[in-house]
Amino acid sequence: MNLDLSEEHELIRRTVREFALERIAPVAEELDREHRFPYEIVAEIAELGLMGIPVPEEFGGAGGDTLSYAIAIEELTRIDSSVAITVAAHTSLGTMPLLLFGNEEQKRAWLPDLASGKKLAAFGLTEPGAGSDAGASRTRAELRDGEWVIDGAKIFITNAGTDITACVTITALTGEDEISNLIVPNGTSGYVISAPMRKLGWRASDTRELSFQGCAVPECNLLGERGRGFQQFLEILDGGRISIAAMGLGLAQGAYDLAYEYAQERQQFGKPISSFQAVQFQLADMAVEIEAARGLVYRAAWLKDQERPFAKEAAMAKLYTGELSNRVVNHALELHGGYGFMEEYAISRFYRDQKVLEIGEGTNEVQRMVIAKQLGL
Ligand SMILES: Cc1cc2nc3c(=O)[nH]c(=O)nc-3n(C[C@H](O)[C@H](O)[C@H](O)COP(=O)(O)OP(=O)(O)OC[C@H]3O[C@@H](n4cnc5c(N)ncnc54)[C@H](O)[C@@H]3O)c2cc1C
């Protein structure tokens with residue numbers, strides 16, 4: 001057993017860490033305040049080859065493994081969640097369905113622009129009436145004269161409406177109890193994208209409501225086998241959970257970093273507050289749990305890289321890091337006292353950005369349902 005990261009993994013951590021500190025940290029507060037999508041940063045991340053880490057090089061990706069991807073997402077979230085979710089949703093939800101289920105023609109058509117980060121992609125599963133119960137989708141697609149004609153709505157879809165979004169893959173009912181995945185290019189007539197949704201956190205990321213009104217796409221935009229949409233999205237969500245777990249880990253680490261630094265600067269009763277044992281114990285508890293979380297996240301990624309079953313471990317990592325990041329960011333903000341409540345302190349943004357980690361890609365309850373099922377219950 002070797003728990004050391006390889007030189008390649010250490011390199012990706014250093015590269016992303018340096019980039020996040022130099023390029024994202026100085027603008028993160030402003031992007032959040034202005035609810036502004038980080039186009040310039042996405043372009044720079046694309047330059048670094050980080051918009052398609054797990055995509056094979058033949059399709060324009062970096063050909064990296066899941067662990068490299070998880071480390072990159074962890075390091076981005078350590079500085080800013082909006083940028084991190086933009087990369088994570090683009091990779092795990094936008095690009096992976098095309099890589100995993102696309103035919104050769106679809107892969108050649110879509111992947112090079114997506115994996116190189118020239119374009120973004122989205123995945124539209126959630127509907128106003130179908131969230132945790134994603135199988136209850138009502139969006140329908142009917143095959144008429146060689147075209148899928150789509151009617152329905154999706155909600156909370158990340159990356160769907162940016163200026164560089166190429167397409168969304170949606171789940172739709174293509175028959176009685178039959179769900180399939182369809183690729184809908186942005187700009188298709190009858191595909192209407194709402195204004196950006198106003199959110200508690202992830203304010204610089206793009207989240208939209210989508211509506212399909214007689215929206216027709218060619219028959220060949222069916223992704224994978226007809227009727228396999230349910231199994232396909234479960235597989236996508238299993239992989240996606242590793243990236244959200246990496247976000248939980250990164251957010252907890254980032255909140256800890258801020259609290260650790262602040263506790264040494266802040267003087268009360270004539271001493272830095274870090275000299276009080278009560279404060280030290282809080283930081284010690286955070287450090288322990290973050291280390292445990294890192295083990296869960298990296299193991300889930302490693303299992304996936306070994307092509308071994310990883311659904312249970314991915315759900316465990318997502319559940320644990322979601323709840324852990326909640327505890328850590330809460331205590332980290334408390335250690336900032338009243339300053340933590342002020343917007344110019346990064347910890348207040350971390351606090352707002354945390355909550356969705358316990359909701360997106362399956363709530364805490366849904367993770368427990370997945371884990372219980374995997375335990376044979
Ligand atoms: C910022 C943001 C970005 C998102 N991005 C995307 C995206 O890109 N693509 C996409 O498809 N979706 C996306 N989502 C949607 C997200 O995955 C859903 O919000 C999530 O799955 C929960 O669904 P819901 O909001 O309908 O909540 P509901 O399913 O209505 O859940 C409400 C509450 O009921 C609980 N609950 C439901 N069923 C059960 C049960 N059987 N047992 C116990 N408790 C239960 C839930 O745990 C939760 O606490 C995003 C959401 C947000 C907020």
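The structure reproduced in this document is the subject of the present report.

1. Regarding the nonpolar core
Core analysis: the biggest nonpolar cluster contains 89 residues, and Ile-24, Ile-45, Leu-76, Leu-98, Met-247, Leu-283 and Val-297 have the highest contact counts within it. Examining the composition of this core, we find that 15 residues originate from one element, helix α6 (residues 229-265), more than from any other. The residues touching Leu-283, leaving out its near neighbours within four places in the chain, are Tyr-256, Ala-259, Tyr-260, Ala-263 and Leu-335. Listed in part, the 17 residues of the second largest apolar core include Val-168, Ile-170, Ala-172 and Phe-212.

2. Regarding the pattern of salt bridges
One side chain can pair with another of opposite charge once the charged atoms of both are near each other. Evaluation of the coordinates by the stated rule reveals 26 salt bridges. Arg-78 is the partner of Glu-75 in a salt bridge, and the nearest nitrogen-oxygen pair spans 3.3 Å. In terms of burial, Glu-75 and Arg-78 fall into one category: buried. A network of salt bridges, in which partner residues are shared, links Arg-13, Arg-17, Glu-74, Glu-75, Arg-78, Asp-257, Glu-291 and Arg-294.

3. Looking at helix α3 (residues 66-77)
In an α-helix, one turn spans 3.6 residues; hence positions three or four apart end up facing the same way. If you check α3, its first and last C-alpha atoms are 16 Å apart, about what twelve residues at 1.5 Å a residue would give, namely 16 Å. Among the twelve residues in α3, twelve count as buried, and that is most of the element. Those residues of α3 that sit buried are Thr-66, Leu-67, Ser-68, Tyr-69, Ala-70, Ile-71, Ala-72, Ile-73, Glu-74, Glu-75, Leu-76 and Thr-77. Taken together, the buried residues of α3 touch α1 (7-33), α2 (39-47), α4 (81-101), α6, α7 (277-305) and α9 (346-354).

4. A few points about the layout of surface pockets
Each pocket or cavity is described by its volume, and for the largest pocket that value is around 1300 Å³. Contributing to the lining of the largest pocket are 43 residues, with Thr-126, Ile-359, Gly-360, Glu-361 and Gly-362 lying nearest its centre. Going through the elements one at a time, α4, β1 (120-124), β3 (147-158), α6, α9 and α10 (364-374) are the ones with two or more residues in the lining of the largest pocket. Here the lining of the largest pocket gets seven residues from one element, more than from any other, and that element is α6. Of the residues assigned to the lining of the largest pocket, the class counts are 23 nonpolar, eleven polar and nine charged. What the second largest pocket holds in volume is close to 430 Å³.

5. Observations regarding the packing of α6 against helix α8 (residues 311-335)
Following both chains from N to C, one finds α6 and α8 inclined at 20 degrees, their axes separated by 8 Å at the closest point. The angle between α6 and α8 places the two elements in the roughly parallel class. By crossing handedness, the relation of α6 to α8 is classed as left-handed. Residue composition of the contact of α6 with α8, by class: 19 nonpolar, three polar and three charged.

6. Examining the state of the cysteines
A covalent bond between the sulfur atoms of two cysteines is what we call a disulfide. Inspection of the entire model under this criterion finds zero disulfides. The structure places no disulfide on Cys-167, whose sulfur is separated from the nearest cysteine sulfur, that of Cys-215, by 12 Å. For Cys-167, a relative accessible area of 1% corresponds to the buried category. Cys-220 forms no disulfide, and the closest cysteine sulfur to it belongs to Cys-167, at a distance of 13 Å. Among the residues examined, Cys-220 registers a relative accessible area of 52% and is labelled exposed.

7. Focus: the site of the ligand
Around the ligand, 19 residues are found, and the nearest of them are Thr-126, Ser-132, Phe-156, Thr-363 and Glu-365. Contacts to the ligand include Thr-126, whose side-chain N or O atom sits 2.7 Å from a nitrogen atom. Within the side chain of Thr-363, a nitrogen or oxygen atom sits 2.6 Å from an oxygen atom of the ligand. Coverage of the ligand by the protein chains reaches 63% of its 980 Å² of free accessible surface. Among the detected pockets, the ligand sits in the largest pocket.

8. A look at empty space enclosed by the protein
Going through the model one piece at a time under the given rule, you end up with one cavity of 30 Å³ or more. Of the voids in this model, the largest cavity is the one considered here, and its volume is about 40 Å³. Along its surface, the largest cavity is lined by Glu-29, Asp-32, Arg-33, Glu-343, Ser-348, Arg-349 and Arg-352. Counting only elements with at least two residues in the lining of the largest cavity, the list comes to α1 and α9. The residue makeup of the lining of the largest cavity, split by class, is no nonpolar, one polar and six charged.

Each value, and the rule that gives it
Residues numbered from 1 in each chain as written. Predicted model: local features only at pLDDT ≥ 70, side-chain atom pairs only at ≥ 80, totals over all residues. Heavy atoms only, no water. Core = buried A, V, L, I, M, F, W, Y, C linked by side-chain atoms within 4.5 Å. Buried < 20%, exposed > 50% of the residue type's maximum accessible area, 1.4 Å probe, protein only. Helix = DSSP H or I, 4+ residues; strand = E, 2+ residues; numbered from the N terminus. Contact = heavy atoms within 4.5 Å. Salt bridge = Lys/Arg side-chain N within 4 Å of Asp/Glu carboxyl O. Expected span 1.5 Å × (residues − 1). 1 Å grid on protein atoms, 1.4 Å probe; cavity = no way out; pocket = protein on both sides within 12 Å on 5 of 7 lines; lining within 4 Å. Points joined across faces, edges and corners; volume = space filled by probe spheres on them. Nonpolar A, V, L, I, M, F, W, Y, C, P; charged D, E, K, R; others polar. Axes fitted to C-alpha atoms, helices over the stretch in contact; angles between N-to-C directions. Parallel < 35°, antiparallel > 145°, perpendicular 65-115°, else oblique. Left-handed = near helix turned anticlockwise from the far one by under 90°. Disulfide = S-S within 2.5 Å. Near = heavy atom within 4 Å. Polar contact = N/O pair within 3.5 Å; in protein donor to acceptor, adjacent residues only side chain to side chain. Areas by Shrake-Rupley, 256 points an atom, 1.4 Å probe, with all protein chains shown as cover. Sits in = over half its atoms within 2 Å of the grid points.

Any functional reading would require information beyond the geometric quantities listed.
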